[in-house]
Amino acid sequence: MILYLAVAAGTVLLAAMVENHPALQPYRVTRQQMCNRVCLLSVFFILFALSACRQNVGNDYAKYVEFMHLVNSNAYVPTEPGFNLLVKIVYGLSGFENYLLVFAIYAFVTIFLFLLAIYEQSDEFPMSYFLFMALGYYFQTFNTVRYYLALAVALYSMKFVVRKQWGRFLLLAALGSFFHKSLLVILPLYFLASVTWKKWQLALIGVFCTTFLFFQDFYLKVVVFLYPTYEDTEYLTGGTSYINILRCLGVLVLSLFYYRKSIRGNRRMQFYFYLNLGALVLYVFCSFLPIISRIGYYLTVSHILFLPALLQETENAKWRNLLRAGMILAAVLYFILFMGRAYDDGLLILPYKSFFFHDMVNILSDMN
């Protein structure tokens, strides 16, 4: 726990010195640009080192090692072609089952994409990075590494939606889906969030959402058709997060104060607004669907960009400081709740173990 707190606090302090919209001078590197490079590289190295050096940290770490072993044995695994190909290449070049290098590659790409997306798209890098850490996104990358790589791709792809660069968006989503096919849900969801909806259209969408309450069996059959490996497994069990519902409600209430002035007519802000609204609808009406939180995360990850943007729209300095303090307090409370579950089976990111001092536990194949 102390290690995680030190990493979070230390990297947030480094991020506080980053200005992602520095004044540029022709033919010279400014002091701020140099500071940005040093701080960003330091943040990246710290996050990467902590993730790459872990051993059996995360609730599905051993399961992934088992999947990699099966891939190397040419057995069937329910993982995507990109993951399988990466394992084949790494194991082939290494000459042994080098699962540590596979995890390290995932950590490198995932963290790089998250930081790049925040640096390029945030109105205020320090605040966005703080939310990235406090809302648990970094520490969650210790679990379901394929999914969080896809989530990083989704966050990075948002700029292409805002710019209407649909070709790049489609290509990036398609490439990312080779590592986690759930990424394909952003194709319709992000497109719908980019549309300027009229009130009567939103009303019709609201009526349609009620069908999720009355035709749950039908929608579950659709999910099983799309994900046949979910049939008769615990993955078909639904559930929602009341904390995430409260979080989406809080962001919605806050954004409504800015809707007429800063959101309506602003393509980027409106996109973030509808992503949050869509996540709230999913959490409330679709809680019976399996792993609804994963779909919701593709929408709520925009909060780390949306909330700093709302701060920048607050012209009164006093209110902006009060709002910033409120966001920081809420995020810290969220982080405390998150870390309070760090030992639970659903996370298991504590205790932290490193391959320098710990050996890997036996996987299922070793016991047969």
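Refer to the structure above for everything that follows.
Report follows, based on the coordinates. (Residues numbered from 1 in each chain as written. Predicted model: local features only at pLDDT ≥ 70, side-chain atom pairs only at ≥ 80, totals over all residues. Heavy atoms only, no water.)

Here we take up the overall build of the chain. Scanning the chain for helices and strands turns up 19 helices and zero strands. Computed over the C-alpha atoms, the radius of gyration of the chain is 21 Å, within 12% of the 21 Å expected from 2.2 N^0.38 for a compact globule of 368 residues. Principal-axis analysis of the C-alpha atoms places the extent of the chain at approximately 65 × 60 × 40 Å. Within the chain, buried positions represent 48% of all 368 residues. Taking contacts inside the chain between residues at least 6 apart in sequence as the whole, the part at least 24 apart equals 75%. Accessible area for the chain stands at about 18,500 Å²; split by element, carbon and sulfur atoms hold 68% of it. In the chain, 27 side chains carry a positive charge and 18 a negative one; their mean positions are 15 Å apart. (Helix = DSSP H or I, 4+ residues; strand = E, 2+ residues; numbered from the N terminus. Rg over C-alpha atoms; globule rule 2.2 N^0.38 Å. Buried < 20%, exposed > 50% of the residue type's maximum accessible area, 1.4 Å probe, protein only. Contact = heavy atoms within 4.5 Å. Areas by Shrake-Rupley, 256 points an atom, 1.4 Å probe, with all protein chains shown as cover. Lys, Arg positive; Asp, Glu negative; His and termini not counted. Charge placed at Lys NZ, Arg CZ, Asp CG, Glu CD.)

A full pass over the atoms with the stated rule returns one cavity of 30 Å³ or more. If you add up the space inside the largest cavity, you get close to 50 Å³. Around the largest cavity sit Ser 51, Arg 54, Phe 103, Tyr 106, Ala 107, Thr 110, Thr 141, Val 145 and Tyr 148, which together line it. Put simply, the parts of the chain that give the lining of the largest cavity at least two residues each are α5 (99-121) and α8 (145-162). The greatest single-element share of the lining of the largest cavity, amounting to four residues, is contributed by α5. (1 Å grid on protein atoms, 1.4 Å probe; cavity = no way out; pocket = protein on both sides within 12 Å on 5 of 7 lines; lining within 4 Å. Points joined across faces, edges and corners; volume = space filled by probe spheres on them.)

A few words now on the side chain of His 180. Considering the arrangement of structural elements, one finds His 180 in the loop between α9 (166-177) and α10 (186-193). Within the local environment of His 180, its side chain forms a polar contact with the side chain of Ser 182, the two groups lying 2.7 Å apart. If we skip the residues at most four places from it in the chain, His 180 touches Glu 80, Arg 146, Tyr 147, Ala 150, Arg 294 and Tyr 298. (Polar contact = N/O pair within 3.5 Å; in protein donor to acceptor, adjacent residues only side chain to side chain.)

For the rest of this paragraph, the subject is unusual backbone geometry. Going from Leu 350 to Pro 351, the amide bond is cis rather than trans, its omega being 0 degrees. By secondary structure assignment, the location of Pro 351 is in the loop between α18 (317-340) and α19 (364-367). One non-glycine residue, Thr 144, lies in positive phi territory at about 40 degrees. By the element assignment, Thr 144 lies in the loop between α7 (137-140) and α8. Phi at Leu 348 takes a positive value of approximately 55 degrees, unusual for a residue other than glycine. The residue Leu 348 is located in the loop between α18 and α19 in this model. Residue Leu 348 is classed as partly exposed on the basis of its relative accessible area of 30%.

Another point: the layout of surface pockets. One number sums up the size of the second largest pocket: a volume of about 370 Å³. Taken together, 18 residues line the second largest pocket, and the ones lying closest to its centre are Arg 247, Val 251, Leu 307, Ala 330 and Ala 331. Counting only elements with at least two residues in the lining of the second largest pocket, the list comes to α14 (242-263), α17 (303-312) and α18. Tallying contributions element by element places α18 first for the lining of the second largest pocket, with eight residues. For the lining of the second largest pocket, a count of residues per class yields 14 nonpolar, three polar and one charged. (Nonpolar A, V, L, I, M, F, W, Y, C, P; charged D, E, K, R; others polar.)

Glancing now at the packing of aromatic side chains. Enumeration over the complete set of coordinates arrives at 35 aromatic pairs. Aromatic side chains Tyr 4 and Phe 142 sit 6.1 Å apart centroid to centroid with 65 degrees between the ring planes, which places their arrangement in the edge-to-face category. Of the two residues, Tyr 4 sits in helix α1 (residues 2-15) while Phe 142 sits in the loop between α7 and α8, which places them 138 residues apart along the sequence. Each of the two residues, Tyr 4 as well as Phe 142, counts as buried. Considering the side-chain rings of Phe 139 and Phe 142, the 6.1 Å spacing of their centres and the 85 degrees angle between planes classify their relative orientation as edge-to-face. The class of Phe 139 is buried, set by a relative accessible area of 0%. Assessed through its relative accessible area of 1%, Phe 142 is described here as buried. Through a chain of ring-to-ring contacts, three or more aromatic side chains come together here, namely Tyr 61, Tyr 64, Phe 67, Phe 83, Tyr 99, Phe 103, Tyr 106 and Phe 179. The lysine or arginine in question, Arg 247, covers the ring of Tyr 334, its NZ or CZ lying 5.5 Å from the ring centre. Lying across the ring of Tyr 147, Arg 294 places its NZ or CZ 5.5 Å from the centre. (Phe/Tyr/Trp six-rings, centres within 6.5 Å; stacked < 30°, edge-to-face > 60°. Lys NZ or Arg CZ within 6 Å of the ring centre and 35° of its normal.)

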